Amino acid sequence: MKISKRFANVGDSSTLKITSLAKNMKSKNIDVAILAAGEPDFDTPDDIKKKAIEAIKEGFTGYTPVRGTNELLELVCEKFKIDNNIEYKPENIIVSTGAKQSIYNILQALCDEDTEVILLAPYWVSYIEMVKMTGATPVVVDTSLDDFRINIERIKGSINKRTRMIIINSPNNPTGIVYTEKELRELSDLIVENNIYCISDEIYEKIIYTPNKHYSIASFNERIKDLTFTVNGLSKTYAMTGWRIGYVGGEKKLIEKALMVQTHSTSCTSSISQKAAVAALKLDNNIVIRMTDEFKKRREFLMKKIERIDGLKYVSPQGAFYLFVDFRNFLGKKFKTSEDICTKLLEDYKVAVIPGGAFGAEGFVRISYAASMHEIEKGIDRIEKFLKENI
Ligand code: PMP
Ligand code: GLU
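These numbers were taken from a predicted model, which means no experiment stands behind them.

(A) Geometry of the overall build of the chain. Across its full length, the chain holds 14 helices and 13 strands. Relative to the globule expectation of 21 Å for 391 residues, the C-alpha radius of gyration of the chain, 21 Å, shows essentially globular dimensions. Taken over the C-alpha atoms alone, the chain extends approximately 60 × 55 × 55 Å along its principal axes. Of the contacts made within the chain by residues no fewer than 6 positions apart, 75% connect residues no fewer than 24 positions apart. The distance from the centre of the 56 positive side-chain charges to the centre of the 53 negative ones in the chain is 3 Å.

(B) Spotlight on the packing of aromatic side chains. By the definition in use, this model includes 15 aromatic pairs. Ring geometry for Phe 148 versus Phe 364: centroids 5.8 Å apart, planes at 85°, classification edge-to-face. Remark: Phe 364 occurs in strand β13 (residues 364–368) and Phe 148 occurs in the loop between β4 (137–142) and α7 (152–157); sequence separation between them is 216 residues. The buried category is assigned to Phe 364, whose relative accessible area is 5%. Every member of this aromatic cluster is reached through a ring pair, and the members are Phe 42, Tyr 204, Phe 295, Phe 321 and Tyr 322. Stacked on the ring of Phe 220, the Lys or Arg Arg 185 has its end atom at 4.0 Å from the ring centre. The ring of Phe 60 has Lys 275 sitting right over it, with the charged end atom 4.6 Å from the ring centre.

(C) Structural detail: helix α6 (residues 125–134). By the criterion of burial, α6 is predominantly enclosed, with 9 of the 10 residues buried. Within α6, burial applies to Val 125, Ser 126, Tyr 127, Ile 128, Glu 129, Met 130, Val 131, Met 133 and Thr 134. Immediately beyond the C-terminal end of α6, within one or two residues, lies Gly 135, with a positive phi of roughly 95°.

(D) Quick look at the site of ligand 1. Near ligand 1 there are 13 residues, and of these Ala 99, Asp 201, Tyr 204, Ser 235 and Lys 236 occur at the shortest range. Asn 173 has a polar side-chain atom sitting 2.8 Å from an oxygen atom of ligand 1. Between ligand 1 and the protein, one listed contact pairs an oxygen atom with a side-chain N or O atom of Ser 235 at 2.7 Å. A total of 3 residues in the shell around ligand 1 trace back to one element, the largest contributor, which is helix α5 (residues 98–110).

Definitions and limits used
- Residues numbered from 1 in each chain as written.
- Chains lettered and ligands numbered in written order.
- Predicted model: local features only at pLDDT ≥ 70, side-chain atom pairs only at ≥ 80, totals over all residues.
- Heavy atoms only, no water.
- Helix = DSSP H or I, 4+ residues; strand = E, 2+ residues; numbered from the N terminus.
- Rg over C-alpha atoms; globule rule 2.2 N^0.38 Å.
- Contact = heavy atoms within 4.5 Å.
- Lys, Arg positive; Asp, Glu negative; His and termini not counted.
- Charge placed at Lys NZ, Arg CZ, Asp CG, Glu CD.
- Phe/Tyr/Trp six-rings, centres within 6.5 Å; stacked < 30°, edge-to-face > 60°.
- Buried < 20%, exposed > 50% of the residue type's maximum accessible area, 1.4 Å probe, protein only.
- Lys NZ or Arg CZ within 6 Å of the ring centre and 35° of its normal.
- Near = heavy atom within 4 Å.
- Polar contact = N/O pair within 3.5 Å; in protein donor to acceptor, adjacent residues only side chain to side chain.

Following this line, the structure appears as structure tokens:
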């Protein structure tokens, strides 16, 4: 078997793999509690669905411009201005097949074999594999040493002349940490001083719990704006994971290069989804607030449940819909890694959660609360039973 060197050590996505294993078990009538996927359990709001059906009926079913329809690009610019205080024009934007592709386009366009990309662990599973796919070297800065927050000195220490980029993600998957304005301003200065690029993945922007506030690093000044690619998407905010709409804003000439990656790989994303995206971006904000309120209730319920279990600690989430739980007290001869724990949980206790190792944080387990209260309760009771019987 001959495999490209760049792909030889690219791993699977634990989040997608475990979720699909669990969904498969469910389809065979096995009663699994699925607390794995970063996927809202709500249905896509009706107004959005209606627009997609209209698009099909009207025959809006051909290719669109690769970067997206003008109507959608204009709305994305408006969104960036209103929500994030960033001025972009349609020429600064690309709409892609999910935020995942937005990130991939940028990495492919800007990274080479002799470059390094800084990741802050715990990081979302796909960043590290995408960096490897470009041939660049991921350099991991461990934020668990600093309560999962930004430590400028530590990041500074990992920058050298090969550093091309840093990827940040706030609200964070898997910890739920939201960076403060001060942290982001300090990071912005460091990025500008060193003239490196930044991908700011803001996909959980609207899923945030008071008093925390979301800041976009690109909004601070023109220098950081030109170096930053602000990524967002509709999957989480509007319960639209399967529609595959993400987007990125950035400096025009660099965006032009990223557009070539998309042009020669996938072209435009689905025309029908783009019509739906227009409806989503025009949606009454109260619908989004209602969904976030529901996540908030589940978050509190889950935290209380975990607090009652001896030996478990967690990172208090300020945003997103994950609880990152520290299982290090339970590692030893029987379970050497969090993956061993998650495998046992899935196979014998029928609860699907994601091992922290996949996020670069061994010993932790990510529990998603983008699931119904009933599912959460069932899952945690099973985890408790597992700990009683095995540890
Ligand atoms: N970034 C983060 C942090 C995520 O958790 C996800 C998961 N879906 C994505 C990007 C990609 O989302 P999508 O491709 O569905 O827009
Ligand atoms: N991002 C989500 C997660 O972390 C969905 C799956 C994926 O694309 O990784 O679970």
